[in-house]
Amino acid sequence: MAYEALYTRGRPKTLSQLVGQEHISNALARAISSNRLSHAYLLVGTRGTGKTSTARLLSKAMNCERVHDAQTSGRALDRKEIPCNKCDSCQNFDSSPDNVEFDAASNRSVEDVTRLLSTAYLAPLRARVKTFIIDEVHMLSFEAVNSILKLIEEPPPNVAFFLATTELNKVPMTIRSRCQVLNFRLIPQTTIAPYLLTLARRLKVTLHEDAAKKIARLAEGSMRDALTYLDQCYAMSDKEITLDNVNETLGLISDENLDDIISAVKAKDRAAVGKAITRAFRSGLAANVIAESLITRLRDIEFDMLDRNEKNFAELDKIIDALRTATGEMYGSGIPDIILEMALMKLVAPVQNFVATPLPVVQTSAPSKNLDEGRKIFYDVVNFLSAEDRTVTATTDAAAVTNFADDTLTLVFRSDALANVFKKNQRQFEQAAAQVAGRAIKFSVVVDVNLPPPVLNKMSEPYRSNLVGAMKIFNATDATKVSD
Ligand SMILES: [Zn+2]
């Protein structure tokens, strides 16, 4: 016998089995009991939330003999008996010529749709009610929409329409206003995971709880996706599905690896970040998949924190933001791995890094007094730090190196404000300079309001004098605008 997918086997057989949409199944059960069903329904919701399943259950129920008996005798029906699945009508539903189903996304030609819809005007062959289930109704052509509209406005006797869509905004208002709208919710993880466990027990498969939770999380509210994932894992495993099976089968990075990366970033431990991210790359996963998995994991951690009433998300949000930006930069880039690695490294403050892996500092007895060497050290340090965090070096464009003696760099700023910003990061500069120069370098910060604008500092004579002259003529105070 051919293998039947869980997605098919897990399909609800009665309204009571419609998972995560109790607001809909309860309302429909009441409408059926009191014989107040509409002839046109618009089923709205994300893929895999149960729209088509519900349409089939309703089609079946409209023709179910036991449902009909209950309606006639005025007996209230339980969701478990809608439909009965035992009467002739229910048993033959799958092959019934009176239930027409099509996907507007694949059968969009006007001729196709007109042909299918024209049968609405013919009396049902065997059934009590002829039913039309049209998936992705927003994909229909203008003409097809018009013929449906005509059918809904003046419905032939004993016909019902179930129009399903994932995009309500693309369904014409004329259709929406003539249908009873059923809004399908995303199914919460906390509903999907227990359902998967129950299903697995029924199939005599050992499904580990953490594996079920992981699948539920990946499904993002879609039961169909959850069942498809479970199916894939089931096919690849031997009657037992563990979290490792799930990660392996679905090509996912393990939570343990993700947590290692996150804790290394939080601990500002550059070496550990490098080690953990290398391990993730070795598993053969694309950088964008790793980044997205990290974002999902961080979101889960935040949800757990919310449960514990913890509200300090700033640190985790910062990591999520950096990963989001990195993911955007990866598209079309030839170096996605490096982009991801750099994004994580940037979160690890350089100052901590120097503490963690100090280079040997060589003390020299004969310090250089060469200004050029001082400038070279300074701009190497600026480049080095800029690669890590551009905000640390933001003010250095406005600074001038005026002296370098006894391993002390004299740095001149035009204002106290600029100098103070530099002083905040001075330690980082000194540590970076020690690495660049191979010995301890000190910074002496001086404020000189007469310092020429930054562009001038880098200009050679006679251009510098000419520009200063021109600025005087035009009474300009800022030369940066003429630098382009
Ligand atoms: Zn029945």
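In this text, all values refer to a predicted model and were calculated from it rather than measured experimentally. (Residues numbered from 1 in each chain as written. Predicted model: local features only at pLDDT ≥ 70, side-chain atom pairs only at ≥ 80, totals over all residues.)

Asks: Is there a simple way to explain the overall build of the protein in this structure?
Replies: When helices and strands are tallied, the protein shows 23 helices and 10 strands. In the protein, which comprises 484 residues, the proportion classed as buried is 34%. Considering only intrachain contacts with a sequence separation of at least 6, the fraction spanning at least 24 residues in the protein is 73%. (Helix = DSSP H or I, 4+ residues; strand = E, 2+ residues; numbered from the N terminus. Buried ≥ 20, exposed ≤ 12 C-beta atoms within 10 Å, placed from the backbone. Contact = placed C-beta atoms within 7 Å.)

Asks: How should I be thinking about the packing of helix H19 (residues 371-388) against helix H21 (residues 426-437) in this particular structure?
Replies: To characterise two packed helices, one gives the angle between the axes of the helices and the distance between these axes. Contact pair H19 / H21: the axes reach a minimum separation of 9 Å and the direction vectors enclose 115 degrees. Taken together, the axis directions place H19 and H21 in an arrangement best described as roughly perpendicular. Pair H19 / H21 crosses with right-handed handedness. Across from Ile377, Asp380, Val381, Phe384 and Leu385 in H19, the residues of H21 making contact are Gln428, Phe429, Ala432, Ala433, Val436 and Ala437. Partitioning the contact of H19 with H21 into residue classes produces nine nonpolar, one polar and one charged. (Axes fitted to C-alpha atoms, helices over the stretch in contact; angles between N-to-C directions. Parallel < 35°, antiparallel > 145°, perpendicular 65-115°, else oblique. Left-handed = near helix turned anticlockwise from the far one by under 90°. Nonpolar A, V, L, I, M, F, W, Y, C, P; charged D, E, K, R; others polar.)

Asks: Help me understand the environment of asparagine 169 in this model?
Replies: The residue asparagine 169 is located in the loop between strand E4 (159-165) and helix H8 (173-176) in this model. Between the C-alpha atom of asparagine 169 and that of histidine 138, which follows or precedes it by 31 residues, the distance is 8.6 Å.

Asks: Just checking my understanding: could you explain the pairing of strand E3 (residues 130-135) for this structure?
Replies: Remember that side chains alternate between the two faces of the sheet whenever the strand is regular. Burial of E3 is extensive: six of the six residues sit out of reach of the surface. Side chains Lys130, Phe132 and Ile134 of E3 all project onto a buried face; the interleaved residues Thr131, Ile133 and Asp135 project onto the opposite face, where all are buried too. The sheet contact formed by strand E2 (residues 99-103) and E3 spans five bridges and is parallel. Within E3, the residue paired with aspartate 103 across the bridge is aspartate 135. Bridge count for E3 against E4 is five bridges, and the pairing is parallel. Residue pairing in the sheet places isoleucine 134 in a bridge with leucine 163 of E4. Regarding the hand of the β-α-β motif, the stretch spanning E3, helix H7 (residues 142-153) and E4 is right-handed. (Pairing = 2+ DSSP bridges. Right-handed = clockwise from strand over helix to strand, strands pointing away.)

Asks: Help me out: how do you make sense of the sheet that holds strand E8 (residues 400-405) in this one?
Replies: Where strands meet in a sheet, backbone hydrogen bonds hold them as pairs that are either parallel or antiparallel. An order of E8-E9-E10 is seen for the three strands of this open sheet, with the pairing classed as mixed. On the outer flanks of this sheet lie E8 and strand E10 (442-447), each paired with one strand and no other. Across the sheet, the mean angle from the axis of one strand to that of its neighbour is 25 degrees, orientation sign disregarded. When E8 meets strand E9 (residues 408-413), the two strands line up antiparallel, connected through five bridges. Across the sheet, residue asparagine 403 finds its bridge partner in E9, namely threonine 410. Contacting E8 and E9, H19 runs over the sheet at an angle of about 120 degrees to E8.

Asks: In this structure, what is going on with the packing of helix H14 (residues 270-282) against helix H17 (residues 336-347)? I would like to understand it.
Replies: Viewed as axis vectors pointing N to C, H14 and H17 meet at an angle of 150 degrees, and their least axial separation amounts to 10 Å. Classified by the angle their axes make, H14 and H17 are roughly antiparallel. With respect to the hand of their crossing, H14 and H17 are arranged in right-handed fashion. Contact with H14, carried on its side by Arg270, Val273, Ile277 and Phe281, involves Asp337, Glu341, Leu344 and Met345 of H17 and no other residues of that element. Its residues assigned to classes, the contact of H14 with H17 comprises five nonpolar, no polar and three charged.

Asks: Teacher, can you tell me more about the confidence of the model for the protein here?
Replies: The predicted structure's coordinates, where accompanied by low pLDDT, should not be read in detail. The share of residues in the protein with pLDDT of 70 or more is 87%, and the mean pLDDT across the chain is 84. Segment residues 351-368: pLDDT under 50, and 22 contacts once partners within four positions in sequence are set aside and those in other chains are kept. Predicted confidence is poor over residues 479-484, with pLDDT under 50, and the contacts of this stretch with residues over four places away or in other chains come to 10 contacts. (pLDDT = per-residue confidence, 0-100.)

Asks: What is the right way to read the nonpolar core from this model?
Replies: Grouped burial of nonpolar side chains is what soluble globular proteins tend to show. Of all hydrophobic cores here, the largest spans 92 residues; its most connected members are Leu43, Phe162, Leu163, Leu196, Ile215, Ala226 and Ile261. Counting residues per element, this core draws most heavily on helix H11 (residues 223-236), which supplies seven residues. Sequence-distant contacts of leucine 43, defined by excluding residues within four places in its chain, comprise Lys51, Thr54, Ala55, Phe162, Leu163, Ala164, Leu182 and Phe184. By size, the runner-up hydrophobic cluster in this structure holds 22 residues, among which are Phe404, Leu411, Ala432 and Ala433. (Core = buried A, V, L, I, M, F, W, Y, C linked by C-beta atoms within 7 Å.)

Asks: Would you mind showing me how to read H11 here?
Replies: The α-helix advances 3.6 residues per turn, and as a result positions three or four apart in sequence lie on the same side. The terminal C-alpha atoms of H11 lie 20 Å apart, and with 14 residues this matches the ideal 20 Å at 1.5 Å per residue to within 8%. Listed as buried for H11 are Met223, Asp225, Ala226, Leu227, Tyr229, Leu230, Cys233 and Tyr234. Of the surrounding secondary structure, the elements contacted by the buried residues of H11 are helix H1 (6-9), helix H9 (189-202), helix H10 (209-219), strand E7 (240-241) and helix H12 (243-249). (Expected span 1.5 Å × (residues − 1).)

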